[in-house]
Amino acid sequence: MEEPAGNTVVIRIGIPDLQQTKCMKFNVDAPIWLSKQQILCTLNQSLKDVLNYGLFQPAYNGKAGKFLDEERPLREYPFPSIAPVPYLEFRYKRRVYTQTYLDDKQLSKLHTKVRE
């Protein structure tokens, strides 16, 4: 099924766990989970726990990196204009921590148990 050119975008997808990068065409009106399925169909190597992988938009221009919500369409995510082809990573979902302004002593106090 051929999609209209106005509803598609070419995105460079990096897969760090497989040391691969590929360019793919996605429908911007489709939910992110459809794009994820499209990526999975093109893999020539298997990934462990593949259902916990997601599309990750790396940090840029002072904004923190984030995983894209699989229910939302690709159109809702702006891509930086620093490269001619937008870039996303297909990576294992882990909690993404932002930079904290605490020193090591303050951080260790936060990670201690409270005793009564």
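Quick caveat, the model's predicted, so the values are computed rather than measured.

Reading the values: rules and limits
Residues numbered from 1 in each chain as written. Predicted model: local features only at pLDDT ≥ 70, side-chain atom pairs only at ≥ 80, totals over all residues. Heavy atoms only, no water. Phe/Tyr/Trp six-rings, centres within 6.5 Å; stacked < 30°, edge-to-face > 60°. Lys NZ or Arg CZ within 6 Å of the ring centre and 35° of its normal. Buried < 20%, exposed > 50% of the residue type's maximum accessible area, 1.4 Å probe, protein only. Helix = DSSP H or I, 4+ residues; strand = E, 2+ residues; numbered from the N terminus. Pairing = 2+ DSSP bridges.

1. Observations regarding the packing of aromatic side chains
Thought 1: Summed over all chains, the structure comprises three aromatic pairs.
Thought 2: Members of the aromatic cluster, connected to one another through ring pairs, are Tyr53, Phe90 and Tyr92.
Thought 3: One cation-aromatic arrangement involves Arg72 over Tyr77; the distance from NZ or CZ to the ring centre is 4.6 Å.
Thought 4: A cation over a ring is seen here: Arg91 above Phe56, with NZ or CZ 5.0 Å from the ring centre.

2. Quick look at the pairing of strand 3 (residues 53-57)
Thought 1: The element strand 3 is extensively covered by neighbouring structure, given that five of its five residues are classed as buried.
Thought 2: Examined bridge by bridge, strand 3 and strand 5 (residues 87-92) share four bridges and lie antiparallel to one another. Across the sheet, Leu55 pairs through a bridge with Phe90, a residue of strand 5.

Nothing here speaks to function; it is geometry throughout.
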